[in-house]
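# Coordinate inspection notes
Spelled out from the first residue to the last, the chains are:
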Amino acid sequence: MSVSPFPPQVPAQTGAVLFIDLDAIAANWRALEARQSPACRAAAVVKADAYGLGAAPVAAALAAAGCRRFVVATLDEGLALRAGRPEAEILVLSGPLPGTASLFAGAGLWPVLNSLEQVADWRALATRQQRPLPAALHVDTGMRRLGLSAADLARLSADPALLAGIDPRLLMSHLACADEPEHPLNALQRQRFAAARALFPGLPGSLAASSGIFLGPAWHADWTRPGAALYGLNPTPGAANPMAPVARLAARILQVRDVDAGDSVGYGASYRCAAPTRLAIVAAGYADGLFRALGNRGCGHFGEQPVPLVGRVSMDLTIFDVGIASTARPGDSITLMGPGNDADAIARAAGTIGYEILTALGARYHRHYLGGAA
Ligand SMILES: *Cc1c(COP(=O)(O)O)cnc(C)c1O
């Protein structure tokens, strides 16, 4: 009996398949919006190829669910998204690098203006083009990453000429510790953000990403910017995951072999079999984003059965101990990520966060979409 054969649409030569549930992503977006007041909307963050899951199909599913505003990190990502979504409002977090403002305007992208230099570039373009150009203003309230300082923002509000031709649509900031609800920086950033907003009365605000939404309505402002929670990562690390699972990863078994007690396994002979057992070697490795840190620490599932990852992860291959009585055979598949072993659990085993597990998902995986708009 074969275990978890891939659906017929998956090419026979495919070694590993990433299943992405677009309906679950849409449901997660709706669930986040339902936590917010009706006036507060959720923009979907689809940067880094929608955290490795595919920006174009993910944005299409979210647009079908009613999402109108999307957030990406780079101009390249914005241009690619614009090609498929002519109607959407698209914010680009990195703002314009020198010499790129006209590319933003040409594609109707809204830059997030993070510095006085970026404000000046955008203002100069608006003057040249003699039309108002929409943008978001980003004020730093404690992250000390991108963003205008409080003093920069005060200068802009005191001297409207500095914003001449700029059509501000949003004042945003970003929380540094939202996944730690008790962290004092959360309240401090909220206060600083309120002070910043007071300089621009009537301008819509945005402070919370996924975890910030769960801090409560006082952090919601007018727009939230969830990414991780849409993709099923737990935005409340201290508690049960409120989001629907989105991604499942399965890899085919290439070979099954029996080994003796005392045999060592893989590079560096880092695992030694205590008893005779059966190993399944699957077609995915660290080149596919299975972190090498998972060596002798990760696990998979053969059907319902948890199977430990043994030895080091190699570039294209990973070894699981399926047990001496296993019926596993070549062509069957082992689930590498899924129920009971989601991206957050894999991250704990690898010493990282679920975000890094998802965004490292390799280009070799066949991405198979479930649900979504017809
Ligand atoms: C990545 C990012 C987000 C989304 O964060 P999640 O934790 O994935 O919800 C929102 N805003 C900014 C500025 C970001 O860089």
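## What to know about the site of the ligand
Near the ligand there are 14 residues, and of these Lys47, Tyr51, Ser210, Ala228 and Tyr355 occur at the shortest range. Between histidine 174 and the ligand, the recorded distance is 3.5 Å, taken from a side-chain N or O atom to a nitrogen atom. In this structure, tyrosine 355 approaches the ligand through a side-chain N or O atom, which is 2.6 Å from an oxygen atom. Notes on the ligand: free accessible area 390 Å², of which the protein chains cover 91%. Residues of the shell around the ligand, tallied by class, amount to 8 nonpolar, 3 polar and 3 charged.

## A look at the pattern of salt bridges
Summed over all chains, the structure comprises 8 salt bridges. A salt bridge links arginine 41 to glutamate 33; the shortest N-O distance between them is 2.8 Å. The salt bridge partner of aspartate 288 is arginine 364, with a shortest N-O separation of 2.8 Å. Here aspartate 288 is found in the loop between β14 (277-282) and β15 (299-302), whereas its partner arginine 364 is found in the loop between α11 (354-359) and β19 (366-370), with 76 residues between them in sequence. Residue class for aspartate 288 comes out buried when judged on its relative accessible area of 3%. Salt bridges sharing common partners tie together Asp288, Asp316 and Arg364.

## Some remarks on helix α7 (residues 150-158)
Within α7, burial applies to Asp152, Leu153 and Leu156. An end-on view of α7 places all buried positions within 95° of arc, on one side of the element. Counted as exposed and oriented over 90 degrees from the buried face of α7: Ala150, Ala151 and Ala158.

## Some words on helix α3 (residues 55-64)
Taken residue by residue, α3 has Ala55, Val58, Ala59, Ala61, Leu62 and Ala63 as its buried positions. At its buried positions, α3 is contacted by α1 (22-35), β3 (44-45), α2 (47-51), β4 (69-72) and α4 (75-84). Of the residues flanking the end of α3, it is glycine 66, one or two places downstream, whose phi is positive at about 115°.

## Some words on the domain arrangement of the protein
Note on interface size: it is often stated as the accessible area lost on association of the parts. Taken domain by domain, the protein holds domain 1 (22-231) and domain 2 (247-370). The distance between the C-alpha centroids of domain 1 and domain 2 comes to 38 Å. With 10 residues of domain 1 in contact, the opposing surface of domain 2 contributes 8 residues. Each partner contributes to the roughly 810 Å² buried at the junction of domain 1 and domain 2, and carbon and sulfur atoms together form 64% of this total. Across the domain 1-domain 2 interface, the total number found is 0 salt bridges. Run the count over domain 1 and domain 2 and you get 3 residue pairs in polar contact (both at pLDDT 80 or more). Every element with two or more residues in the side of domain 1 that touches domain 2 is listed here: α1 and α2. Taken together, the residues of the side of domain 1 that touches domain 2 sort by class into 7 nonpolar, 2 polar and 1 charged.

## With respect to the nonpolar core
Ranked by internal contacts, the top residues of the largest apolar core, which has 110 residues, are Val46, Leu62, Phe70, Trp122, Tyr231 and Ile334. Two domains each provide a minimum of three residues to this core, namely domain 1 (22-231) and domain 2 (247-370). In contact with phenylalanine 70, other than residues within four places in its own chain, are Ala44, Val46, Ala59, Leu62, Ala63, Leu81, Arg85, Ala88, Glu89, Ile90 and Leu91. With 7 residues, the next largest nonpolar core counts Val265, Leu279, Ile281 and Val310 among its residues.

## What about the pairing of strand β17 (residues 318-321)?
Looking along a regular strand, one sees the side chains alternate between the two faces of the sheet. Burial along β17 is two-sided: Thr318 and Phe320 facing one way and Ile319 and Asp321 facing the other are all buried. Both β14 and β17 contribute to a ladder of 4 bridges, which runs antiparallel. Opposite valine 282, over in β17, you have threonine 318 as the bridge partner.

## Remarks on the side chain of glutamine 189
Take glutamine 189: it is sitting in helix α8 (residues 184-198). Looking at glutamine 189, its side chain comes within polar contact range of the main-chain nitrogen of alanine 176, at 2.9 Å.

## Let's talk about the pairing of strand β8 (residues 166-172)
Note: strand β7 (residues 133-138) against β8, 6 bridges, orientation parallel. Counted as the bridge partner of alanine 135 is proline 168 from β8. Between the parallel elements β7 and β8, the chain passes through α7 in a crossover that is right-handed. In terms of handedness, the path from β8 via α8 over to strand β9 (residues 205-206) forms a crossover that is right-handed.

## Things to note about the packing of aromatic side chains
Enumeration over the complete set of coordinates arrives at 4 aromatic pairs. Members of the aromatic cluster, each reached through a chain of ring pairs, are Tyr51, Tyr231 and Tyr355. For arginine 190, the ring lying beneath its charged end belongs to tryptophan 219, and the centroid distance is 4.5 Å.

Rules and cut-offs
- Residues numbered from 1 in each chain as written.
- Predicted model: local features only at pLDDT ≥ 70, side-chain atom pairs only at ≥ 80, totals over all residues.
- Heavy atoms only, no water.
- Near = heavy atom within 4 Å.
- Polar contact = N/O pair within 3.5 Å; in protein donor to acceptor, adjacent residues only side chain to side chain.
- Areas by Shrake-Rupley, 256 points an atom, 1.4 Å probe, with all protein chains shown as cover.
- Nonpolar A, V, L, I, M, F, W, Y, C, P; charged D, E, K, R; others polar.
- Salt bridge = Lys/Arg side-chain N within 4 Å of Asp/Glu carboxyl O.
- Helix = DSSP H or I, 4+ residues; strand = E, 2+ residues; numbered from the N terminus.
- Buried < 20%, exposed > 50% of the residue type's maximum accessible area, 1.4 Å probe, protein only.
- Arc of directions from axis to C-beta.
- Contact = heavy atoms within 4.5 Å.
- Domains from an automatic or database assignment.
- Buried area = accessible area lost by both parts, 1.4 Å probe.
- Core = buried A, V, L, I, M, F, W, Y, C linked by side-chain atoms within 4.5 Å.
- Pairing = 2+ DSSP bridges.
- Right-handed = clockwise from strand over helix to strand, strands pointing away.
- Phe/Tyr/Trp six-rings, centres within 6.5 Å; stacked < 30°, edge-to-face > 60°.
- Lys NZ or Arg CZ within 6 Å of the ring centre and 35° of its normal.

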